[in-house]
Amino acid sequence: MLLHLEAVTKSFEGFQLHPLTLSVERGEFFSLLGPSGCGKTTVLRLIGGFETPTSGRVILNDQDITRLPPHKRNVHTVFQRYALFPHLTVAENVAFPLHLKKLPSAEISERVKESLKLVEIEDLQDRRTHQISGGQAQRTALARALVAKPELVLLDEPLSALDPELRMKMREELKTICKKVGITFLLVTHDQEEALQLSDRIAVFKSGQCLQVGTPKTIYEDPSDTFVARFIGAVNEIPGDIQGEASPETGEIVLSSPLGMFKLKKNGHSLPKQVSVILRPEKMRLLRSKSTTQENLMEGEIQDLIYLGSRTEYAVKIGPSTFKVFEQELERLKKRRLNVGDRVFLAWRGDDAIVLPQST
Amino acid sequence: MRFKNPLVTFLFWMAITLLYLPLLYLIFQAFLENPNDWRSGFTLKWLIKLFDSPALWGPLLNSVEIGVLSATLAVSLGTLGAVGLSRISGLLPPVIQTLIILPILVPEVITGLSLLLFFLLCRFDLGFLTVVVAHASFSASFVYFIMVEQLRKLDPQMSEAAMDLGAKPTEVFWKVTLPNIIPGVMGAWLLAFTLSFDDFLISFFTSGAGLTTLPLKIYSLMRIGVSPELNGLSFIMICISTFLVLMLVSKEQSRKWVLRG
Amino acid sequence: MKNTPVIPSSAWIFLIWLILMTLLPFSLILGMSFLQRTDLGNIVFAFSLKNYQQLLDWIYFKVLLKTLWLAFGATLSCLMIGFPVAYFLARVQGPLKSIGLILLFIPFWTNFILRIYGIVSLFGSNGLFNQILATLGAPEVSILYTRLGVYIGLVYNYLPFLVVPIYSSLEKLDPFLREAASDLGATRFQTFRKVILPNIKEGVFIGSLFVFIPMLGEYVIPDLLGGAKEAFLGKVMVEQFFILQDWPLGSAIATVLSVLLLGALWLQNRWTSKNQQPQSQELSHAI
């Protein structure tokens, strides 16, 4: 365990970070994910040393660094707007932390070269920071944070200042670079796709509270909470009541909802009577006619469809609510043409549904 | 959209002409055979004579020395203040704001009188040092505002980034903050020098009997009456001032160019 | 959370300097204004309001009224000349704008005494103006060493200080405001009167105060352009110190002027905090 936050809290005007306990393993790529104002940046600043927690401890490598100023922490940050030093060249920026450590100049130039090579900007080393593009500035900032081989690198929304196309590209490169250097990374982001793609584990935040920590797969498929489910990916929700007990042999439970009775699988969580059933749009199928499968069926009318090439997104109106359904454009579906206004059946399996307590 | 309003445009150029008329005439006059007759023909003799009057070189040297010292003092103080106070997040308390703006706002007469009173009560000998200190006392606030503006343009994350990469607070200042505000520091120095070099009133009150700066010399010549020597001196002074302003402006301009990249 | 910010030690050096070199001298003036002096000019350390009462004596009060009147007229003239200048600078775009601003400021970076000397060269008895009159055969007109001379000097020297606040008020206006107004059917004049003027009137008023009040304390202009007979508040104030040796009375005049200025500053802060434009920014613009 490299980094450990122990019941850390922070409060300032209009914001409160609830007691947070969190561990990051050595070599891990860990993300703090949440909408803006959720406290994820505060956590980052507590680790970087720019803020002091109101209570609790920050432990890095078995050493209590709670009150250590930033310059004494072996933690470097890639800032949101990179914060490159405009009076220095790209190479001088990267050399900055090494100069502070008073390393011999031969070693400095060696390591700077190595770092610039890693992020593939060797040819820019003599440029000024205002002579490089956003993506190049991003790489410089990354090289600067990595060059002194800190124990932990903090990434504060590093890709948010880039345009979407470049962001996609940098995301992949970031992943490759991180794998190569084997340093522990902590990423702060509000972009769930970015978090899913890059992270080994993700902590989801909402208004100063950490709701769930888990691998991308866990967070997506087994969210602990309706907020997490909604924040990561698209959802359909069916509120309802659980009828009776689970059947002992199949583990099935029955949901009674305004849209009908549905069969669900019980999945470990102990559930109250009132629940929300979360259905991912890609886990539902559209049928022309009522089939006799074991699946749950709902009848509705296609309200809208968006053809996206690899898949089509449908909006299906069922009673008072609208359901999103994503279908892959599979060969077998080619013949079947659905149009707006068509009556269809939505089919879904009980064990694809995520059953969660209703949020208030 | 181009601005087209002939009346406003005319009034603007009219006002500019009126502003320049006295100064242009002073320059014109410096070359007149008889300064009191505008049709008397041109000569360089007054300017040449100027270089032969040792009475002017002393005041000029005083003015330059006072300007250099007071500008250096003002820049050190104002920059320290700006760097220190910019670390405070949010607005400054109004008391401090007022304290800083006071030397700029208060008419020079009152600044001069109050400093005179202060120096006399402290039993300081009026002279070179009191003038240096008095000039720095008002130009430090100008420097402060320029430096605040400079610091405001800096990315606040930059000093955090430096700290994050291992720089101690003093290293942050010397290695990151200062190199980035150095153009501003030089501009502020030039401004403080210009303010000191051009100042009449505060020198008038705080210089005592022994010391004469160039503006004081001009004043005393003027009280005697219009002299050809004075006209030559005016010409030189206008040239120096214009040169200083253009330097200040070009600094500002080049800074903008650098920032734009 | 602490409400009072911790001031770093580097800033303290600057603040202590200001306290020592600005606040303390001003406090001395303030303190002095409540003291008395003997007929020999010695200061007596006894608290009294006599100096302020003395300002209301007819001889001083007359000076005060004359000065107020002259400064008021000069401020009004500065406004009338300065408004089109500011309006032009605010509306014109491109290089002409910076050139215009530089043109406006170069004269005011040249030495103050020289500017006055320039006026003397133009309007003195041997000045250009009278030389031209003489060639035309007209009699000499004495402009200098009269109230008119002081008035010209005041307008000439204070003009840019009024242009700047008007200019920055106009600059702060949303450029689309005018377009919106004309879109809604206002004529140019209506736009100016109903949209632009109401939005800048506070800035213009404060700017005028900051020109008007320092004018009252002006010493060199009335001294060099007004001649011996022309009584002017600032000149009277300085003479109390240097000629009449009545420091307490001179201090009282200085105090009144300072208080007026602080009042204007307070008013400005109240108004700008509403429009959230820190004054420091405006100032550095002016520089």
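If you're wondering where the values come from, they're calculated on a predicted model, not measured in any experiment.

**Student:** Tell me about the overall build of chain A, and please be specific about residues and values.
**Tutor:** For chain A, the count of helices and strands is 8 helices and 20 strands. In chain A, which comprises 360 residues, the share counted as buried stands at 38%. Restricting the contact set of chain A to residue pairs at least 6 apart, pairs at least 24 apart contribute 64%.

**Student:** I'd like a rundown of the overall build of chain C, residues and numbers included.
**Tutor:** From N to C terminus, chain C includes 13 helices and 2 strands. Considered along the principal axes of its C-alpha atoms, chain C spans approximately 80 × 70 × 35 Å. Counting only residues that meet the buried cut, chain C has 41% of its 287 residues in that class. A separation threshold of at least 6 residues defines the contact pool for chain C, and within that pool the share at least 24 residues apart is 66%.

**Student:** Break down the sheet that holds strand E13 (residues 260-265) of chain A for me, with residues and values.
**Tutor:** Residue and element names in this part refer to chain A. With antiparallel pairing, 5 strands are arranged side by side in an open sheet as E13-E12-E11-E14-E20. Two strands close off the open sheet at either side, each with one partner strand: E13 and strand E20 (354-357). The sheet shows a mean angle of 45° between the axes of neighbouring strands, direction not considered. Of the pairings in the sheet, the one linking strand E11 (residues 236-243) to strand E12 (residues 252-257) comprises 3 bridges and is antiparallel in character. Within E12, the residue paired with Asp 241 across the bridge is Ser 256.

**Student:** Any chance you could break down the sheet that holds strand E8 (residues 184-189) of chain A for me, citing the residues and the numbers?
**Tutor:** Either a parallel or an antiparallel arrangement is found when strands of a sheet pair, and the pairing is made through backbone hydrogen bonds. Residue and element names in this part refer to chain A. The 6 strands are arranged E6-E7-E8-E3-E9-E10 in an open sheet whose pairing can be described as mixed. Edge positions in the sheet fall to strand E6 (75-78) and strand E10 (209-214), since each of these pairs with one other strand and no more. Direction aside, neighbouring strands of the sheet carry axes that sit 20° apart on average. Here strand E3 (residues 29-33) runs beside strand E9 (residues 201-206); their pairing, made up of 4 bridges, is parallel. Bridge assignment links Leu 33 to a residue of E9, and that residue is Val 204.

**Student:** Break down the interface of chain C and chain B for me, citing the residues and quoting the values.
**Tutor:** Interfaces are frequently sized by the accessible area removed from exposure as the parts join. Facing 67 residues of chain C, the contacting portion of chain B comprises 74 residues. Within the side of chain C that touches chain B, the residues separate by chemical class into 48 nonpolar, 17 polar and 2 charged.

**Student:** Go over helix H9 (residues 188-216) of chain C with me, naming the residues and quoting the values.
**Tutor:** Because each turn of an α-helix spans 3.6 residues, side chains separated by three or four positions in sequence point in the same direction. Residue and element names in this part refer to chain C. End to end, H9 covers just 37 Å across 29 residues, shorter than the expected 42 Å (1.5 Å per residue, more than 12% under). When the local axis directions of H9 are compared, the greatest deviation, roughly 55°, occurs at Leu 197, which is followed within four positions by the proline Pro 198. Taken as a whole, H9 has its buried residues at Ile 200, Gly 203, Ile 206, Gly 207, Ser 208, Phe 210, Val 211, Phe 212, Ile 213, Pro 214, Met 215 and Leu 216.

**Student:** If you had to explain the environment of Cys178(A) to someone new, which residues and values would you point to?
**Tutor:** Residues and elements named next belong to chain A. Along the chain, Cys 178 falls in helix H5 (residues 164-181). Judged by the 21 C-beta atoms lying within 10 Å of it, Cys 178 falls in the buried class. Separated by 32 residues in sequence, Cys 178 and Leu 146 place their C-alpha atoms 9.8 Å apart. The contact partners of Cys 178, leaving out residues within four places of it in the chain, are Phe 29 and Phe 185.

**Student:** Break down the packing of helix H7 (residues 147-172) of chain C against H9(C) for me, citing the residues and quoting the values.
**Tutor:** All names here are of chain C. Interhelical geometry of H7 versus H9 gives an angle of 155° and a closest axis separation of 9 Å. Viewed along their axes, H7 and H9 adopt a mutual orientation that is roughly antiparallel. The two elements H7 and H9 cross, and the hand of that crossing is right-handed. Of the residues in H9, those touching H7 at Leu 154, Tyr 158, Phe 161, Leu 162, Pro 165, Ile 166, Ser 169 and Leu 170 are Ile 200, Gly 203, Val 204, Ile 206, Gly 207, Ser 208, Phe 210, Val 211 and Met 215.

**Student:** Can you break down the domain arrangement of chain A residue by residue, with the values?
**Tutor:** For chain A, the assigned domains are domain 1 (3-224) and domain 2 (234-357). The gap between the C-alpha centroids of domain 1 of chain A and domain 2 of chain A is 40 Å.

**Student:** Kindly report on the packing of helix H3 (residues 54-86) of chain B against helix H8 (residues 169-198) of chain B, identifying the contributing residues and their values.
**Tutor:** Residues and elements named next belong to chain B. H8 packs onto H3 with a crossing angle of 140° between their chain directions and a minimal axis gap of 8 Å. Overall, the two elements H3 and H8 adopt an arrangement that is oblique. Viewed along their axes, H3 and H8 form a crossing whose handedness is right-handed. In contact with Ser 63, Ile 66, Gly 67, Val 68, Ser 70, Ala 71, Ala 74, Val 75, Gly 78, Thr 79 and Val 83 of H3, H8 contributes Phe 173, Thr 177, Val 185, Ala 188, Trp 189, Ala 192, Phe 193, Ser 196 and Phe 197.

**Student:** Report on the nonpolar core, specifying residues and quantitative values.
**Tutor:** Most often, soluble globular proteins have nonpolar side chains that are buried together. Core analysis: the biggest nonpolar cluster contains 145 residues, and Val143(B), Ala192(B), Ala86(C) and Ile116(C) have the highest contact counts within it. Considering every element that reaches this core, the biggest residue donor is helix H6 (residues 128-153) of chain B, with 14 residues. Excluding its chain neighbours within four sequence positions, the residues that come into contact with Val143(B) are Ala74(B), Val75(B), Gly78(B), Thr79(B), Ala188(B) and Ala192(B). Counting residues in each nonpolar core, the second largest holds 103 residues, with Leu20(A), Phe185(A), Ala353(A) and Ile354(A) among its members.

**Student:** So what's going on with the pairing of E3(A)? Which residues, and what values?
**Tutor:** If a strand is regular, its side chains alternate between the two faces of the sheet. Most of E3(A) sits out of view: 5 of its 5 residues are buried. By the alternation rule, side chains of E3(A) split into Phe29(A), Ser31(A) and Leu33(A) and Phe30(A) and Leu32(A), which are all buried.

**Student:** Mind laying out the pairing of E8(A), listing which residues take part and the relevant values?
**Tutor:** Residues and elements named next belong to chain A. Most of E8 is tucked away: 6 of the 6 residues are buried. What you see with E8 is no split at all: Thr 184, Leu 186 and Val 188 on one side and Phe 185, Leu 187 and Thr 189 on the other are buried throughout. Where E3 meets E8, 5 bridges bridge the pair, whose relative direction is parallel. What sits directly across from Phe 29, in E8, is Phe 185. Relative to E8, strand E7 (residues 152-156) is paired through 5 bridges, and the arrangement is parallel. In the sheet register, Leu 154 faces E8, and the bridge partner there is Leu 186.

**Student:** I'd like a description of the environment of Glu65(B), backed by residues and values.
**Tutor:** Assignment of secondary structure puts Glu65(B) in helix H3. For Glu65(B), a count of 14 C-beta atoms within 10 Å puts it in the partly exposed group.

**Student:** So what's going on with the confidence of the model for chain A? Residues and values would help.
**Tutor:** The predicted model of chain A averages 88 in pLDDT, with 97% of residues at 70 or higher. Mean pLDDT values over the elements of chain A span from 85, in E13(A), up to 95, in E3(A).

**Student:** Provide a residue-level description of the environment of Gly149(C), including the pertinent values.
**Tutor:** Residue and element names in this part refer to chain C. Assignment of secondary structure puts Gly 149 in helix H7. Put simply, Gly 149 and Leu 225 are 76 residues apart on the chain and 5.3 Å apart in space, counted from C-alpha to C-alpha. Sequence-distant contacts of Gly 149, defined by excluding residues within four places in its chain, comprise Phe 123, Ile 143, Leu 144, Leu 225 and Gly 226.

**Student:** Residue-level account of the confidence of the model for chain C, with values.
**Tutor:** Residues and elements named next belong to chain C. Averaged over all residues, the pLDDT of chain C equals 84, while 93% of them reach at least 70. Confidence drops under pLDDT 50 across residues 276-287; counting only partners more than four residues distant or on other chains, this segment forms 21 contacts. Interface confidence for the predicted complex, expressed as ipTM, amounts to 0.85; the pTM equals 0.77.

**Student:** If you had to explain unusual backbone geometry to someone new, which residues and values would you point to?
**Tutor:** Positive phi outside glycine occurs at Asp62(A), with the angle close to 65°. If you trace the backbone, Asp62(A) turns up in the loop between strand E4 (55-60) and strand E5 (63-64).

Conventions we followed
Residues numbered from 1 in each chain as written. Chains lettered and ligands numbered in written order. Predicted model: local features only at pLDDT ≥ 70, side-chain atom pairs only at ≥ 80, totals over all residues. Helix = DSSP H or I, 4+ residues; strand = E, 2+ residues; numbered from the N terminus. Buried ≥ 20, exposed ≤ 12 C-beta atoms within 10 Å, placed from the backbone. Contact = placed C-beta atoms within 7 Å. Pairing = 2+ DSSP bridges. Axes fitted to C-alpha atoms, helices over the stretch in contact; angles between N-to-C directions. Nonpolar A, V, L, I, M, F, W, Y, C, P; charged D, E, K, R; others polar. Expected span 1.5 Å × (residues − 1). Bend = angle between axes of the 7 residues up to and from the residue. Parallel < 35°, antiparallel > 145°, perpendicular 65-115°, else oblique. Left-handed = near helix turned anticlockwise from the far one by under 90°. Domains from an automatic or database assignment. Core = buried A, V, L, I, M, F, W, Y, C linked by C-beta atoms within 7 Å. pLDDT = per-residue confidence, 0-100.

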